[in-house]
Amino acid sequence: MNCDQAADFLLVHSTNYPYEPFYPYALVMVSARARRAGLRVKRLELSNLDPAETQFWLKRAVETHQPRMIGFTLRQTDSYIFRDYVNCEEDRYYPVATLRDSIRQVKQWTDAPVVVGGFGFTSAGIQIAEYLGLDYGVKGSCDPFIDHFQALVDRRNLAEVPNLIYREDGRFKQNRRLFTGPFDGLEYNDEMIDEIIAYYGRSITHGRSYLDMPPGDDVWGPGFDLDAHRRNVFLSLTPTIPIEVSRGCRFRCYFCSEPLVKGQKVFTRDLDLVEEEIRFLLRKDLRNFWFICSELNAGSSEFPLLVAERMMKINEGLGDRPLNWKAYHLPRWISRDELDFMYRSGFTTSWNDVVSYDNDQLRKGRIPFRAKHAIQFIKDDYAIREKYNKLPPLVFSLFLGDAFLTPYSLSETMREYNRHRLTETCRGGAAICGMRVFDYKYNKIPEEQTTTFTPAGRSKDVDLLQPSYRVPPEVMADFDDYDGVFEFYDYICSTLISINHRGQKDWRWFLGYHSRPAIILHILNSREATPLEQRLLEGELPRSAPAAVATLQKLLTAPSIEALQAVLYPLEGGRVLAAEVARLLMLVLYGRCFEAFRPVLEYLGVPVGADDVVACTEYELMGILYQRFDHEDAVVDQVTEQFGLDENDAALLLLHHLLFQFNVVLRPIYKKWLYCQQEEPVLVS
Ligand code: B12
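Rules and cut-offs
Residues numbered from 1 in each chain as written. Predicted model: local features only at pLDDT ≥ 70, side-chain atom pairs only at ≥ 80, totals over all residues. Heavy atoms only, no water. Helix = DSSP H or I, 4+ residues; strand = E, 2+ residues; numbered from the N terminus. Rg over C-alpha atoms; globule rule 2.2 N^0.38 Å. Buried < 20%, exposed > 50% of the residue type's maximum accessible area, 1.4 Å probe, protein only. Areas by Shrake-Rupley, 256 points an atom, 1.4 Å probe, with all protein chains shown as cover. Lys, Arg positive; Asp, Glu negative; His and termini not counted. Charge placed at Lys NZ, Arg CZ, Asp CG, Glu CD. Salt bridge = Lys/Arg side-chain N within 4 Å of Asp/Glu carboxyl O. Near = heavy atom within 4 Å. Polar contact = N/O pair within 3.5 Å; in protein donor to acceptor, adjacent residues only side chain to side chain. Nonpolar A, V, L, I, M, F, W, Y, C, P; charged D, E, K, R; others polar. Domains from an automatic or database assignment. Contact = heavy atoms within 4.5 Å. Buried area = accessible area lost by both parts, 1.4 Å probe. Pairing = 2+ DSSP bridges. Right-handed = clockwise from strand over helix to strand, strands pointing away.

## Considerations on the overall build of the chain
Phase 1: Of the regular secondary structure elements, the chain holds 31 helices and 19 strands.
Phase 2: A compact globule built from 685 residues would reach a C-alpha radius of gyration of about 26 Å, and the chain, at 29 Å, matches this within 12%.
Phase 3: Judged by the C-alpha coordinates and their principal axes, the chain covers about 95 × 60 × 50 Å.
Phase 4: Taking all 685 residues of the chain together, the buried fraction comes to 55%.
Phase 5: A total of about 30,000 Å² of accessible surface is found on the chain, and carbon and sulfur atoms cover 52% of it.
Phase 6: Side chains of the chain carry 79 positive and 95 negative charges; the gap between the two charge centres is 6 Å.

This is the structure we're talking about:
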């Protein structure tokens, strides 16, 4: 064995998340502590390798380094994305099962003790240790483990090591927990950075991978390939370099395991040290950082502002190549001016994920903010991101798997979201569809309401070690199955918490389905052009592609069945242009036919604003229609009967246009969950 290859401790990560394979910070943190203890450490990152490859590299590392101890980090027990486990058949993410395979392989080649640590491990230590057949497990901080490394190699004084899980008389025992603060030294060194750059590859590390991303608005819509998007997003975004700035969380949100894993005492890291670490990384041309903490603003804006001040000072010396930084934070305690200051220091908001805008639901979940805080934060963040308009709005995500979700609380969230016009403040909606259950008592839910997924598929026996989720039982009862639930949640995401549905309209399909060339020709020949049309043809209207405007111009100058057929039923290559011409043609038809439609809108009680545009949001329009209808077809039937309309009538085309443009879907069950006026006693066992 080549001595300089010898290692005391081989650290391995074999369970990275395939869609966003960040280099695991744990390998940096544990290595730094081991280095300080004088241990020779080697690391192995085995992401996105198939089992045969993993085996080859593991065997090679064990034979090359002959480690006295082998450690695995288990960052998470699953993806926390419920739909991943319900829908996609192939390559579901089962890190705990994958880790068992890696450990069984390693044990064939060495008798060195195997230890596992990490956030994922700590959230169910003893159970995972039994499942993996470990020698040692470490819950939380690795400091005591490193301090007692030699004794652990020699398998002695095991009961004295805090945070240790070990086997005695065939049973796993867990020692007392010791919560420690962030490392009081530098974690990154040349060797570590060379490994991280080698892991990502220089082009990605330094963010010049220029991978083509799906263009603008067609993300988050129906048929959108989330996996490809996730992989693309990850590969096209410069990876962030994690630096711990604080540890621990004083809050007790019922669904979160951070206080259990990191402790409730908040330790902040010496910012002189953080600055020194950053200056070292900047010399390596790394300038995108993720500041690791549970919540940066644990009760005030004091610490976030101290960090921002420090980053501002560093950026003053970086000219046009400033650093930027992210961190998890709560939507509270940071004023708009303070947030502005943070953005000027290189900060960008990392996440806009809220449980609810119903205070009762928030209170029951022990969530440390109320609707007014979260609403003000999203407005402030949007305003500041718009100010620094190089930052697109965030995606707004809603925790619809919350155990305290009720028809009233969801309706209240929708009402508040609509009242504050928040759909315009985000570039997409995302729903966290199920709650990851990791401890019944802590999560306040009965076992039978949990579904476990294993590599062999959905399991009838619940095993919280494996991805185990719960959808509120009343939601499951009302929507029959997961597909019904996801369809409803997708509707909320595309139409009620974002306006993404608008960008996904196929107006060529709409006109082809709800009209015919002859009907449109009759409208164009029998109704006057409108001022809107003029502005459209002069290219004044936003997002009107010149080629489409030119085609429309020719069509309006000499309308004919053939010209309209070319728009509604285009030949293969012409679909994109035809779709755009159809969108503009629909605007023309809307302008020319509006007066015929106005009485229908009055009859339905739909408000009209300037330019004869319907003056309400998707949520408000459906609220109006739900007063008389429980299905969109019933609206068409009643209006057709009331006004004696037939397919040739412009008013009928515009009614279909209204329902299509606002993506109106009326269902009694949707009404129950989106327009519930008062809290009903809901059995939450
Ligand atoms: C920042 C963060 C992110 C960032 C990471 C940015 C980056 N460049 O690293 C982003 C947003 C990208 C992210 C993504 C994800 N994240 Co995240 N993330 C976090 C957060 C807040 C910090 C992560 C971190 O680096 N912590 C520091 C690490 C290293 O801490 P640690 O594992 O506890 O390690 C300590 C000890 O356990 C010990 N130790 C660790 N390993 C080992 C090994 C041995 C042998 C020993 C002895 C000791 C030891 O030493 C360390 C220091 O004491 C954590 C919560 C938290 N407070 O830790 C959530 C968290 C880990 N993430 C989580 C999840 C689910 C994910 C995603 C799967 C979400 C998704 N579907 O996209 C992805 C997965 C990404 C991946 N590649 O794995 C969950 C995991 C929950 C669980 N129980 O499984 C957490 C806990 C959040 C939460 N509360 O739910 N994440």
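## Some thoughts on the pattern of salt bridges
Phase 1: Going through the model one piece at a time under the given rule, you end up with 40 salt bridges.
Phase 2: For the salt bridge of Arg155 with Asp135, the shortest nitrogen-to-oxygen distance reads 3.5 Å. Taken together, the positions of Arg155 in the loop between α8 (149-153) and β6 (164-168) and Asp135 in the loop between α6 (125-132) and β5 (136-138) put the pair 20 residues apart, joining distant regions of the chain.
Phase 3: According to the relative accessible area criterion, Arg155 is partly exposed, its value standing at 43%.
Phase 4: The class for Asp135 is buried, based on a relative accessible area of 15%.
Phase 5: Linking Asp461 and Lys460 is a salt bridge whose minimum nitrogen-to-oxygen distance equals 3.8 Å.
Phase 6: Via salt bridges that share partners, Asp272, Glu275, Arg279, Arg310 and Lys313 belong to a single interconnected network.

## Regarding the site of the ligand
Phase 1: The environment of the ligand is formed by 40 residues, the closest being Asn16, Glu20, Thr73, Gln76 and Lys262.
Phase 2: Side-chain polar atom of Asn16 to a nitrogen atom of the ligand: 2.7 Å apart, as the coordinates give it.
Phase 3: At the level of secondary structure, the elements contributing two or more residues to the shell around the ligand comprise α1 (25-36), β3 (69-73), β4 (114-117), α12 (258-262) and β11 (288-292).
Phase 4: Along the lines of polarity and charge, the residues of the shell around the ligand split into 21 nonpolar, 13 polar and 6 charged.
Phase 5: Residue-level mapping places the shell around the ligand at the junction of two domains, with at least three residues from each of domain 1 (3-174) and domain 2 (191-214 + 221-502).

## Observations regarding the domain arrangement of the chain
Interfaces are frequently sized by the accessible area removed from exposure as the parts join.
Phase 1: According to the domain assignment, the chain consists of domain 1 (3-174), domain 2 (191-214 + 221-502) and domain 3 (505-671).
Phase 2: Taken over C-alpha atoms, the centre of domain 1 sits 26 Å from the centre of domain 2.
Phase 3: Taken together, the contact pairs 41 residues of domain 1 with 38 residues of domain 2.
Phase 4: In total, about 3,600 Å² of surface goes out of reach between domain 1 and domain 2, with carbon and sulfur atoms giving 63% of it.
Phase 5: Its largest share of buried area at the contact with domain 2, domain 1 owes to Tyr19, Tyr23 and Phe82, together 21% of the area lost on that side.

## Quick look at the pairing of β11
Phase 1: Across the 5 residues that make up β11, a large majority, 4, are buried.
Phase 2: As defined by bridge partners, β11 adjoins strand β12 (residues 324-327) across 4 bridges and the pair is classed as parallel. Each residue of the ladder has a partner; that of Trp290, found in β12, is Lys326.
Phase 3: Each parallel crossover has a hand, and for β11 linked through helix α14 (residues 302-316) to β12 it is right-handed.

## Brief notes about the sheet that holds strand β16 (residues 435-436)
Phase 1: Strand order in this open sheet of 4 strands is β16-β19-β17-β18, and the pairing throughout is antiparallel. Either end of the sheet is taken by a strand with one partner, and the two such strands are β16 and β18 (457-459).
Phase 2: The sheet contact formed by β16 and strand β19 (residues 468-470) spans 2 bridges and is antiparallel. Within the sheet, the bridge partner assigned to Met435 lies in β19 and is Arg470.

## With respect to the side chain of Thr15
Phase 1: Looking at the element boundaries, Thr15 is found in the loop between β1 (9-13) and α1.
Phase 2: Classification of Thr15 as buried rests on a relative accessible area of 3%.
Phase 3: For Thr15, the contacting residues outside a window of four places in its chain are Thr73, Leu74, Gln76, Tyr93, Pro95, Thr98 and Leu99.

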